[in-house]
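# Summary of the model geometry
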Amino acid sequence: MQVLTTIAETRTARAALQGSVGLVPTMGFLHDGHLSLVRAARAENDHVFVSIFVNPTQFGPNEDFATYPRNTDRDLALLRDLGVDYVFMPGLDEMYPAAFEAAVDVGSVAMPLEGAFRPGHFRGVATVVLKLLNIILPDRAYFGRKDAQQLAVIRKMVRDLDLPVDIVAMPTVREPDGFAMSSRNTYLTPEQRKAATILYQALTLALEMWTRGTRDAEAFRSRLRELIEDEELANVDYVSVADPDTLRELERIQGPALVSMAVRIGRTRLIDNVTLGE
Ligand code: PAJ
């Protein structure tokens, strides 16, 4: 496994390759969710790149950029074990030299939900992902459904800007009690971790309602919100039932519907989702 820190050496390594290339973009502090993406990339491509870069432009001024968890040695050991060929780990100045100004704005899909609570977040995500795609030129890039709106934003960027890459979406990897894995889970105290199972309980309720035949989207939003608000440690930012591609809120569920939520527990903001009727 080769660790690359400059764009120039990464381009040189890429140019020498024949066969298909898969890319898994990450911010490190890897868990089984990330590793499931890496395994899929390993199975489906001749060469696998993983990027590790905590991207400052997708964090708000009051967010956790400075304290975002990092453990590079452990990450590299995990990636080596999975047979990754290249890890791209640029420094901040390599990705954002002093004169850097450009940004990618994908439009309406980035506006609601996470976009509304985290202004500028998806502009930062789209910009850094476009840079990574342009540096590594993968045939396939792998993303988790855990970040459903991020996935929709990236798919829209690829479609609107004619990027020559296949976006592969992978299912959310969960703890045994259903709690979705996330690098930020390390912020939770044991008591908060217990309370955090409320997100999965709410998604389970959504699946039950859908199975019983409920199709009124507002019924889902209000019932799930009620359930989550019964948990004392939980504060709801939003509960949404939206079109999975446009992220527009639905009135009635006819095709597939993305049920997503953001819940704060203490200072930690958790997101999770499920798609109904896929
Ligand atoms: P990060 O949060 O490190 O996540 C990297 C990838 O892992 C994303 O595609 C995310 O959806 C996926 N992932 C996270 N938790 C998962 C889980 N429990 N199950 C399955 N997949 C999971 O998302 C980012 O980094 C950044 O925004 C990035 C795309 C790298 C741009 O900076």
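Notes on the structure in this doc start here. Residue positions are counted from 1 within each chain, in the order its sequence is given. Local features in a predicted model are, by the rule used here, given only for residues with pLDDT of at least 70; side-chain atom pairs are given and counted only at 80 or more, and totals for whole chains, interfaces and linings are based on all residues. The side-chain values count all of the structure's non-hydrogen atoms but skip hydrogen atoms and water molecules.

## Some remarks on the packing of helix 9 (residues 198-212) against helix 10 (residues 217-229)
Rules: Angles shown run from 0 to 180 degrees and are taken between the N-to-C directions of axes, each axis being a line fitted to C-alpha atoms and, for helices, limited to the stretch in contact. Strands are runs of DSSP state E lasting at least 2 residues, helices are runs of H or I lasting at least 4, and numbering of each runs from the N terminus. Crossing handedness: left-handed means the near helix sits turned counterclockwise from the far one by under a right angle, and right-handed means the same turn made clockwise. A contact between two residues is defined here by any heavy atoms of the two lying within 4.5 Å. Residues were grouped as follows: Ala, Val, Leu, Ile, Met, Phe, Trp, Tyr, Cys and Pro as nonpolar; Asp, Glu, Lys and Arg as charged; and all remaining residues, including Gly, as polar.
Between helix 9 and helix 10, whose axes approach to 10 Å, the crossing angle comes to 150°. Here the hand of the crossing between helix 9 and helix 10 comes out right-handed. Across the interface between the two elements, I198, Q201, A202, L205, A206, M209 and W210 from helix 9 touch A219, F220, R223, L224, L227 and I228 from helix 10. Grouping the amino acids of the contact of helix 9 with helix 10 by side-chain chemistry returns 11 nonpolar, 1 polar and 1 charged.

## A look at the sheet that holds strand 9 (residues 268-276)
Inclusion rule: Strand pairing is defined by DSSP finding a minimum of two bridges between the two strands.
Strands sit in the order 7-8-9 across an open sheet of 3 strands; the sheet is antiparallel. A single partner strand is all that each edge strand has here, and the edge strands are strand 7 (234-242) and strand 9. In this sheet, adjacent strand axes meet at a mean angle of 15° when their direction is disregarded. Sheet topology note: the strand 7/strand 8 (residues 257-265) ladder contains 8 bridges and is antiparallel. Looking at strand 8, one finds that Y238 is bridged to A262. Along the sheet face, helix 9 touches strand 7, strand 8 and strand 9 and points at about 20° away from the line of strand 9.

## Some details on the pairing of strand 6 (residues 166-170)
Quick note on the threshold: Categorising residues by exposure relies on relative accessible area from a 1.4 Å probe, with only protein chains included: less than 20% of the type maximum marks a residue as buried, more than 50% marks it as exposed, and the intermediate range marks it as partly exposed.
Across the 5 residues that make up strand 6, a large majority, 4, are buried. Taken together, the 5 bridges between strand 5 (residues 140-144) and strand 6 define a ladder with parallel strand orientation. Paired with F143 across the bridge in strand 6 is A169.

## Some details on the site of the ligand
Our working definition: Distances are taken per atom, and a residue is near a molecule or strand as soon as one of its heavy atoms is within 4 Å of it. Nitrogen and oxygen atoms within 3.5 Å of one another constitute a polar contact, given that in protein one can donate a hydrogen and the other can accept it, and given that sequence-neighbouring residues count only through two side-chain atoms. For every accessible area listed, the method is Shrake-Rupley and the probe measures 1.4 Å; residues are considered covered only by the protein chains on display.
Every one of the 20 residues lining the ligand counts as a neighbour, but Q58, D147, Q150, V173 and M181 are closest to it. One of the side-chain N or O atoms of H34 is found 2.9 Å from an oxygen atom in the ligand. Here an oxygen atom of the ligand and a backbone polar atom of G144 are 2.9 Å apart. Contact with the protein chains removes 95% of the 630 Å² of surface that the ligand exposes when unbound.

## Points about unusual backbone geometry
Excluding glycine, residues mostly have negative phi values, and the peptide bonds linking residues are mostly trans. Unlike most non-glycine residues, F29 shows phi in positive territory, near 55°. Looking at where F29 falls in the secondary structure, it is placed in the loop between strand 2 (21-26) and helix 2 (32-44). The exposure class assigned to F29 is partly exposed, which follows from its relative accessible area of 25%. Positive phi, close to 50°, is recorded for L137, a residue that is not glycine. Here L137 shows up in the loop between helix 6 (121-136) and strand 5.

## Regarding the environment of L227
By secondary structure assignment, the location of L227 is in helix 10. With 137 residues separating them in the primary sequence, L227 and P90 have C-alpha atoms 43 Å apart. Those residues within four positions of L227 in sequence are excluded, and the remaining contacts are I198, Q201, A202 and L205.

## Here we look at the packing of helix 1 (residues 7-15) against helix 6
In plain terms, the rule: Throughout, the term roughly parallel applies to angles under 35 degrees, roughly antiparallel to angles over 145, roughly perpendicular to angles from 65 to 115, and oblique to all others.
The contact between helix 1 and helix 6 brings their axes to 8 Å, and the two run at 50°. What the angle tells us is that helix 1 and helix 6 run oblique. On the side of helix 1, the interface is formed by I7, T10, R11 and R14, while helix 6 contributes N134, I135 and I136.

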